[in-house]
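# Residue-level structural notes
Spelled out, the chains give:
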Amino acid sequence: LLKLSVLLFLVSTASAQDDRLISGPGSTLTENKCKICHELQHIRRLPLSRGEWADNLKNMKERGTPMDDAEMAIILDYLATYYNREKPAPPPGPDTLFSEGSPIEKLLAANACSGCHSLDKRVVGPSFREVAAKYPAAAANQLIRKIREGGQGSWGSVPMPPNPGLSETDAATIVAWVLQQR
Amino acid sequence: MDEKRRQLMQGMAAAGALAASGIREAGAQAAVPGTIDTAEIKKLKVPAMEYHSERPLTGSVPAHAHDFDVTPNDRMFIRNNLLIPAVDIDKHRLTIRGLVDQERSWSVYELAKAFTPVSVQGMLECAGSGRTNFHPKASGTPWGATGGMGCPKWGGVRLADVLKAAGLKPGAAHVAGQGVDPGMVATAAPVIRSIPMAKAMDDNTLIAWAMNDQPLPWIHGYPLRLVVPGWVGSASTKWLATLTVLDAPFKGTYMTGSYITPRHAIEPGHKMPADVVSTEAWPVKSMITSPAPNAKAKAGAPITVRGRAWVGQGQIERVEISSDEGKTWQRAQLAPAGDPRFGRYAWRTFTYEHKPSGPGYVTFLARAWDDRGNAQPAVSTWNPLGYFWNGWHRVGVVVEA
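Quick caveat: nothing in here was measured; it's all calculated off a predicted structure.

Turning our attention to the overall build of chain B. Secondary structure assignment for chain B yields seven helices and 25 strands. Against the compact-globule benchmark of 21 Å for 401 residues, chain B has a radius of gyration of 22 Å, which places it among compact chains. When its C-alpha atoms are laid out on the principal axes, chain B stretches across 70 × 50 × 40 Å. Residue burial in chain B is summarised as follows: out of 401 residues, 57% are buried. Contacts spanning at least 24 positions in sequence make up 72% of the contacts within chain B whose residues lie at least 6 apart. Working note: accessible area of chain B is about 15,700 Å², and carbon and sulfur atoms make up 52% of it.

Residue and element names in this part refer to chain B. With respect to the element layout, Tyr 222 can be found in the loop between strand 12 (214–215) and strand 13 (225–227). Among the residues examined, Tyr 222 registers a relative accessible area of 1% and is labelled buried. Measuring from C-alpha to C-alpha, the distance between Tyr 222 and Val 397 comes to 40 Å, with 175 residues separating the pair along the chain.

Contacts between chain B and chain A engage 35 residues on the former and 27 residues on the latter. Summed over both partners, the interface of chain B with chain A comes to about 2,500 Å²; 49% of that surface belongs to carbon and sulfur atoms. Connecting chain B to chain A are one salt bridge. As a salt-bridge pair, Asp 55 of chain A and Lys 271 of chain B come within 3.3 Å of each other at their nearest N and O atoms. On inspection of chain B and its partner chain A, the count reaches 20 residue pairs in polar contact (both at pLDDT 80 or more). Every element with two or more residues in the side of chain B that touches chain A is listed here: strand 1 (50–53) and helix 7 (253–256) of chain B. Of the residues that constitute the side of chain B that touches chain A, the class distribution is 15 nonpolar, 15 polar and five charged.

Residue and element names in this part refer to chain B. A cis amide bond links His 135 to the next residue, Pro 136, at an omega of -5°. With respect to the secondary-structure elements, Pro 136 resides in the loop between strand 6 (124–125) and strand 7 (149–150). Along the chain, Ser 290 connects to Pro 291 via a cis peptide bond; the corresponding omega equals 0°. You can see Pro 291 is positioned in the loop between strand 17 (285–290) and strand 18 (295–298). Even without a glycine there, the phi angle at Tyr 259 is positive, about 55°. Relative to the elements of secondary structure, Tyr 259 occurs in the loop between helix 7 and strand 15 (260–262). Exposure remark for Tyr 259: the relative accessible area of 8% places this residue in the buried category. Even without glycine at this site, Asn 294 takes up a positive phi of about 65°. Looking at the secondary structure, you find Asn 294 in the loop between strand 17 and strand 18. Classification of Asn 294 as partly exposed rests on a relative accessible area of 43%.

This brings us to the pairing of strand 1 of chain B. Residues and elements named next belong to chain B. Bridge count between strand 1 and strand 2 (residues 58–60): three bridges; the pairing is antiparallel. In the strand pairing of strand 2, Glu 50 is matched with Ser 60. As consecutive antiparallel partners, strand 1 and strand 2 are separated by four residues.

Let us look at the packing of helix 6 (residues 103–110) of chain A against helix 9 (residues 168–179) of chain A. Residue and element names in this part refer to chain A. Contact pair helix 6 / helix 9: the axes reach a minimum separation of 10 Å and the direction vectors enclose 115°. The hand of the helix 6/helix 9 crossing is left-handed. Taken together, the residues of helix 9 that come into contact with helix 6 (itself represented by Ile 104, Leu 107 and Leu 108) are Asp 170, Thr 173, Ile 174 and Trp 177.

Opposite charge on two side chains permits them to pair, given that their charged atoms come into close proximity. Residue and element names in this part refer to chain B. Applying the stated criterion across every chain yields a total of 29 salt bridges over all chains. Arg 263 is paired through a salt bridge with Asp 275; the nearest N and O atoms lie 2.9 Å apart. Taken together, the residues span a long stretch of sequence, with Arg 263 in the loop between strand 15 and strand 16 (276–278) and Asp 275 in the loop between strand 15 and strand 16 at a distance of 12 residues. We classify Asp 275 as partly exposed; its relative accessible area is 37%. Each member of the salt-bridge network shares a partner with another, and the members are Glu 317, Arg 318, Glu 320, Arg 331 and Arg 367.

Residues and elements named next belong to chain B. Leu 111, Trp 154, Ile 207 and Leu 243 are the most contacted members of the largest nonpolar core, which totals 56 residues. Here this core takes six residues from strand 11 (residues 206–211), the largest share from any one element. Contacts of Ile 207, omitting those with residues within four sequence positions, involve Leu 94, Leu 111, Gly 156, Val 157, Leu 159, Val 162, Leu 224, Arg 225, Leu 226, Leu 240 and Leu 243.

So, about the sheet that holds strand 25 (residues 393–400) of chain B. Residue and element names in this part refer to chain B. Strand order across the open sheet formed by five strands is 18-25-24-20-21, with mixed pairing between neighbours. The open sheet is flanked by strand 18 and strand 21 (330–331), the only strands paired with a single partner. Across four bridges, strand 18 lies against strand 25 in parallel orientation. Its bridge partner being in strand 25, Ala 297 is matched across the sheet by Val 399.

Once that is clear, we can look at the side chain of Arg 225 of chain B. Residues and elements named next belong to chain B. Relative to the helices and strands, Arg 225 resides in strand 13. This buried residue, Arg 225, is left without a salt bridge; Asp 181 holds the nearest opposite charge, at 10 Å. Only 3.0 Å separates the side chain of Arg 225 from the backbone oxygen of Ser 236, close enough to count as a polar contact. Filtering out sequence-adjacent residues up to four positions away, Arg 225 remains in contact with Leu 124, Trp 154, Leu 206, Ile 207, Ala 208, Leu 216, His 220, Ser 236, Thr 237, Lys 238, Trp 239 and Leu 240.

Turning next to the environment of Arg 158 of chain B. Residue and element names in this part refer to chain B. Assignment of secondary structure puts Arg 158 in strand 8 (residues 153–158). A relative accessible area of 16% means that Arg 158 is categorised as buried. Through-space distance from the C-alpha of Arg 158 to that of Gly 307 is 29 Å; in sequence the pair is 149 residues apart. For Arg 158, the contacting residues outside a window of four places in its chain are Val 118, Asp 203, Thr 205, Leu 206, Arg 341 and Phe 342. A polar contact is formed between the side chain of Arg 158 and the backbone oxygen of Asp 203, at a distance of 2.8 Å.

Rules used throughout
Residues numbered from 1 in each chain as written. Chains lettered and ligands numbered in written order. Predicted model: local features only at pLDDT ≥ 70, side-chain atom pairs only at ≥ 80, totals over all residues. Heavy atoms only, no water. Helix = DSSP H or I, 4+ residues; strand = E, 2+ residues; numbered from the N terminus. Rg over C-alpha atoms; globule rule 2.2 N^0.38 Å. Buried < 20%, exposed > 50% of the residue type's maximum accessible area, 1.4 Å probe, protein only. Contact = heavy atoms within 4.5 Å. Areas by Shrake-Rupley, 256 points an atom, 1.4 Å probe, with all protein chains shown as cover. Buried area = accessible area lost by both parts, 1.4 Å probe. Salt bridge = Lys/Arg side-chain N within 4 Å of Asp/Glu carboxyl O. Polar contact = N/O pair within 3.5 Å; in protein donor to acceptor, adjacent residues only side chain to side chain. Nonpolar A, V, L, I, M, F, W, Y, C, P; charged D, E, K, R; others polar. Pairing = 2+ DSSP bridges. Axes fitted to C-alpha atoms, helices over the stretch in contact; angles between N-to-C directions. Left-handed = near helix turned anticlockwise from the far one by under 90°. Core = buried A, V, L, I, M, F, W, Y, C linked by side-chain atoms within 4.5 Å. Lys, Arg positive; Asp, Glu negative; His and termini not counted.

Next up, the structure:
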């Protein structure tokens, strides 16, 4: 039984990590914005023409994706290059449009945290500074659980989606950093 | 037990629409704030349910798991744009506003008491049902060949009665439903769809609280939803809290950016043109629900082909089966239509007996006709969002010696 649960854990972690797009200029931003609401398989399964992607992005923006025009332009170029039904994708390459940040910035970006939270401004959810001001260091475990399981009510009625694919270790790293942002 | 609950139970028990114990249980669970976990939703579904996506949760059963005259709750498809809210039935209210003589509001209990409860069997089908049949591939939830529909029995009150009670002002032309389902982000647009007054006044259009004599399951809109049978599923707003009477179709992304098709057919693979129409009633459609694909039969023994046929406006006139790839068609037996006041948009069961001439493989095709002369096409008109697939359904059977 222990073996089975370890196996299941590995399978579930693997599938969460596998939910990625082809690496290339703009792939990180695209992943971060799209992952806020849906799995990336919706992109992988269906290459579209550039015009269809433009319509699709316009539709997602109307539905509420937090992204500005400059970000939309990057995402459109990326999708029309790597997921285009009219031409094959180039081989994967480095995401030259993604500025390599500190390990914590990478963690925040890779898990779509930055879609809704920033250091000092309210985007969709509270800023990290607001969170740090509200919770004492002793609340770390509570916050780790909130990040992984999702939550609602502490900052209004908008729920925070759960992040079951985020490991406990990574969640702890994020929380330790957030609580230092006073 | 307080007075309002007693009244509710009396009212609903009289209608046979809702098990009193069921609503108590569900109500107790609804005290949990926030949203319902998808794992809880899946527990209430049959193992045959095929999921295409976890976020948002989408799933349906294949045709051969749909072999029921009335779709059971645990086989009804799942499709949702936002999160699944945990609603407290004791606090939930329905408000009607806009072009009405008087803005009014009811609790679920008051609604059940104020209006005549009715029970209607009716089709709900996602606009993109069967989407993966389209080539080239179309954008959206990848419903399988027959995925994304069902025909349960709904219990509630007629939307028409509620509209009449509020009193329509001159110019009232559309009714928009809005639910309390929250989005993933604060900027998420609410899912608002409106239907024209004629459909809102149809005696099969309901504000429902029951599904097959049970309280609505969480995922199907507990505690209150619109049921606009025969039309694309998105018209049937779940977790319904607000009805707004308008002088024109609602303008919002779920009316103008989604659930639209080109007014005139376009070259497959091309983007949406400027001239579009909003999706409304489903065209004539059918599926073979038995036998299952590649089932085994014996040469000489008859094979009973059974299925379901439906249309979003008008009536099913006949269903035909072909066992020679569409060269010839034979008429299937069609179950009689029920009382149109309580099932005008219900699917109808058809059966057909085929005697295989010898061992081999036989492929059955089903084609339904409506009473306006429309038949299912072999292949439906391509459109960018992959809506309204109603091509012939095919099921093959292995005939053993």
